Amino acid sequence: MFKKQDKGWYILFTAPLIFIFTTVVIIPFFIGIGYSFFSWDGLPLNPKVFVGMENYVKLFSDGRFLSSAIHTTLFTFLAILLINLLGLIFALVVTTKLKVRNAARAMLFMPYLIGGLILGYIWKFIFGDAFSSIGEQIGLTSVFFNWLLDSRFALYALVIVATWQMAGYIMIIYITGIQGIPEDVIEAAHVDGANLWVTLFRVKFPLMMPSFTISLFMTLSNCFKVFDVNFSLTGGGPNNATEMFAMNIYNEIFQLNNYGYGQAKAIVFFIVVAAVTLYQVSITKKREVVMV
Amino acid sequence: MKKRRVAIVFLSCFIIAGLLFTGCTIPGTSGSTGGTQTTAKKIIVFQSKVEITDQMEALAEEYKAETGVEVEVWGTTGDDYFQQLKTKLANNQGPTVFSLAPGSESEQMKNYLEDLSGLSFVGKIAEGMANVIDGKVVGIPYTVEGFGLVYNKSMISPDEVKDYTSFVKMMQDQKAKDVNGLSLSQESYFLIGHILNTPFALQADPFQYVADLAAGKVKMADTPEFQEFAKFYAAIRDYAKNPLEINYDKEIGDLATGKSAAIHQGNWCAGMFNDYQLDFELGMMPLPLAGNDCLAVSVPAAWYVNSQASDAEKQAGKEFLTWLYTSNTGKRYLMEEFGFIPVVAGMENKNLDVLSQEVAKYTAEGKTIPWPMSQWPAGIVDVYLVPVAEQFFTTEMTPEDFLAELDRVWVEASK
């Protein structure tokens, strides 16, 4: 229960945020739901035609949208695996008594500070020109060729860039998790004769469960919504093999001028992302250990 | 329980406040100054041609010095100009004067276009160059641009590349010398947009053909010009570097340094060669598709006045365009600073770059074909055609499958 005074502070701090969140997220969200029932090109002076559920019906027979769903799922699966694995390994390494651990933390975090668009353009050069000339020089053309021109490898390239960008950030979350484990628990494990492996899996990981929840949630929703790297690295190509959900929606709305249809896609996209992430959070939450 | 109720009350208050707030701001139009004044003291110009941005700024200062009306020039990065413009117009924060590509772009925006038929110089615009919608002149052309094969005069001669057979021979000869016979590049229009315009333009009625194609009445796969186009495309795949590995800069650089003999480009790229010391002469020749001997020449962009601006602003916008096309300063900028090819009688450009001279020459001889691509469904090049081209250049797709795939996406895009 709040005291009167507390309530004042509570309002003071939350009201501006609620106001902003309402005006830029909640209201547009509901307006967007409304638009998804119209056929409209986004210009107020041009006619809006009410089509009911037609946009939603059309969506399930849209081969391109469905294949973008498959790419997104595959990308998300691979990226989550790689990002969390690397993030966790980095975190474990930089929390040891390593001399260069502060420098290492800074360096590993650095890629996250570069915007996704720029990152995409940098890696475009690496996977394209750099890879082909390495291949020509050393002859290993089965590995070093222009990855962005092969539909399977272009997706892997996206996974690699996303990992390179996100792993450092996820590492920070795991570091806080590791540092939050009380020393005495680890010590007790040592005294009981647990080796490094057992300590890691039986003591550290269960106590780090909240970090797993957050990291998985972050990577899951970020990978599902990936756009900037997708846009600048592959542009959806070759032959739409790397066109993700967000990019498909962007193309529908801004390139093809189908605002209503694009909105319908966006709403479905929202429902999918919300359902998947909430399900994930509910699973990992259950496994969190409460420290008393 | 009580906590939740409080939260709900707050939330609903904010939603209502938010609704009121957004509701109030939407109708507010930009700077309507009332009826007493006939000409606004300030107009905003937003245009798509990145190459002339600096010159536009200089022009704005001269205009202010001569007439006292301030011109604010908004910059753009080029690629997303049309989206930015639409967003601004949709929010009633639109510029007074803006540019569009005449065709499906201007058709879509026609409710926002002011009738410019009354401007004094409209009668002097060259035949067919002004953008006319519903019988009214709405767009004033910038210039004409043409595209075809930009080639190295010391490497190939247009007399030897007249049809498919001689084209393939040229490609083979150049490949034997380790030179790219004809280079495209990965950007959507340079990859497929411009080159696919040619078979359309060679139809008896190009614009009708676009409409028939959308309606499914004709198929590219059954049209001889397109069958030949697919063969040309296959020759490029067989005898030249993969265009997907080449970007615009590299394409230009390769031609300038003798690694390519020709590129499929237009006169807009002339400025790109300023960075190089060329030891040969550049020329421009038609893509010899089905014996074609014409360059594709048309108006890339035109000026429009925003019909949703206040009367005073619209008046100021019209006066600005009139000044640009009739005053000595305005004409000097169009010709000398922007480097445009004249489209309005009474102007002459003596300092055209070498490629623009070729375009002007072909235009004077009447050897031009139109740009039916301006009538293609909006967004089709980036969203539908590029993926097919990418598939063609990364797999062993046959020319027949390529055309069938183009037909399929065309119908899909036209829905």
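Cut-off values and rules
- Numbers given to residues run from 1 along each chain, matching the order in which its sequence is written.
- Chain labels run from A onward and ligand labels from 1 onward, assigned in the order the entries are written.
- Residue-level local features of this predicted model are given only where pLDDT is at least 70; pairs of side-chain atoms are given and counted only at 80 or more, and the full residue set underlies all totals for whole chains, interfaces and linings.
- A run of DSSP states H or I qualifies as a helix once it reaches four residues; a run of E qualifies as a strand once it reaches two. Both are numbered from the N-terminal end.
- Residues are called buried when their C-beta atom has 20 or more other C-beta atoms within 10 Å, exposed when it has 12 or fewer, and partly exposed otherwise; all C-beta atoms are positioned from the backbone.
- What counts as a contact is two residues whose backbone-derived C-beta atoms lie within 7 Å of each other.
- Criterion used throughout: strands pair if DSSP finds at least two bridges between them.
- Domain start and end points were adopted from an automatic or database domain assignment.
- Think of it as three bins: nonpolar holds Ala, Val, Leu, Ile, Met, Phe, Trp, Tyr, Cys and Pro, charged holds Asp, Glu, Lys and Arg, and polar takes everything else, Gly as well.
- The convention used is that axes are lines fitted to C-alpha atoms, helices contributing only their stretch in contact, and that angles between N-to-C directions extend from 0 to 180 degrees.
- Expected helix span is taken as 1.5 Å per residue step, with the number of steps being one fewer than the number of residues.

### Observations regarding the overall build of chain B
Moving on, step 1. Summing up its helical and strand segments, chain B has 14 helices and 12 strands in all.
Moving on, step 2. Considered along the principal axes of its C-alpha atoms, chain B spans approximately 75 × 70 × 40 Å.
Moving on, step 3. When each of the 415 residues of chain B is scored for burial, the buried share is 42%.
Moving on, step 4. The long-range share in chain B, meaning contacts at least 24 apart out of those at least 6 apart in sequence, stands at 78%.

### Describing the pairing of strand E2 (residues 70-74) of chain B
For a regular strand, side-chain orientation follows a simple rule: the groups alternate between the two sheet faces.
Moving on, step 1. One ladder, built from five bridges, connects strand E1 (residues 42-46) of chain B with E2(B); its direction is parallel. Across the sheet, the residue bridging to Lys42(B) is Glu70(B), located in E2(B).

### A short note on the domain arrangement of chain B
Residues and elements named next belong to chain B.
Moving on, step 1. The domain boundaries assigned to chain B delineate domain 1 (42-144 + 299-345) and domain 2 (145-297 + 365-414).
Moving on, step 2. One C-alpha centre belongs to domain 1, the other to domain 2, and the line joining them spans 30 Å.
Moving on, step 3. Contact with domain 1, which involves nine residues of that partner, is made by nine residues of domain 2.
Moving on, step 4. Per-class residue counts for the side of domain 1 that touches domain 2 are four nonpolar, four polar and one charged.

### Observations concerning the interface of chain A and chain B
Moving on, step 1. With 24 residues of chain A in contact, the opposing surface of chain B contributes 26 residues.
Moving on, step 2. In terms of residues, the side of chain A that touches chain B owes the most to one element, helix H1 (residues 4-35) of chain A, which gives six residues.
Moving on, step 3. Looking at the side of chain A that touches chain B residue by residue, the classes come out as 11 nonpolar, 12 polar and one charged.

### Side note on the sheet that holds E1(B)
Residue and element names in this part refer to chain B.
Moving on, step 1. In spatial order, the strands read E2-E1-E3-E11-E5-E4; together these six strands make up an open sheet with mixed pairing. A single partner strand is all that each edge strand has here, and the edge strands are E2 and strand E4 (131-133). Taken pair by pair, the neighbouring strands of this sheet meet at an average axis angle of 30°, ignoring direction.
Moving on, step 2. Of the strand pairs in this sheet, E4 and strand E5 (residues 136-141) are connected by three bridges, and their pairing is antiparallel. Of the residues in E5, the one forming a bridge with Ile133 is Lys136.
Moving on, step 3. Sitting on the sheet, helix H2 (residues 53-67) touches E1 and E2, and the angle it makes with E2 is about 170°.

### Let's talk about helix H9 (residues 209-224) of chain A
Residue and element names in this part refer to chain A.
Moving on, step 1. Along its 16 residues, H9 runs 22 Å from first to last C-alpha, staying within 8% of the 22 Å computed at 1.5 Å per residue.
Moving on, step 2. Those residues of H9 not exposed but buried are Ser211, Thr213, Ser215, Thr219, Leu220, Cys223 and Phe224.
Moving on, step 3. Here the buried face of H9 lies against helix H3 (63-94), helix H6 (151-179), helix H11 (245-255) and helix H12 (259-286).

### What about helix H8 (residues 224-239) of chain B?
All names here are of chain B.
Moving on, step 1. Along its 16 residues, H8 runs 23 Å from first to last C-alpha, staying within 8% of the 22 Å computed at 1.5 Å per residue.
Moving on, step 2. The complete set of buried residues in H8 reads Phe226, Glu228, Phe229, Ala230, Phe232, Tyr233 and Ile236.
Moving on, step 3. In this structure, the buried residues of H8 make contact with helix H5 (164-176), strand E7 (180-183), helix H6 (188-201), helix H13 (380-394) and helix H14 (399-414).

### Some thoughts on the pairing of strand E11 (residues 302-305) of chain B
Residues and elements named next belong to chain B.
Moving on, step 1. Residues of E11 alternate between two faces, with Ala302 and Tyr304 on one and Trp303 and Val305 on the opposite face, all of them buried.
Moving on, step 2. Strand direction decides the pairing type here: strand E3 (residues 97-100) and E11, joined by four bridges, are antiparallel. Looking at E11, one finds that Leu100 is bridged to Ala302.
Moving on, step 3. In this structure, E5 lies alongside E11, joined through two bridges in antiparallel fashion. Bridge assignment links Ile140 to a residue of E11, and that residue is Trp303.

### Looking at unusual backbone geometry
Most peptide bonds take the trans form, and the phi angle of most residues other than glycine is negative.
Moving on, step 1. Its identity is not glycine, yet Asn257(A) carries a phi of approximately 65°, on the positive side.
Moving on, step 2. Along the polypeptide, Asn257(A) turns up in the loop between H11 and H12.
Moving on, step 3. A positive phi angle, close to 55°, is found at Asp134(B), a residue other than glycine.
Moving on, step 4. Looking at the secondary structure, you find Asp134(B) in the loop between E4 and E5.

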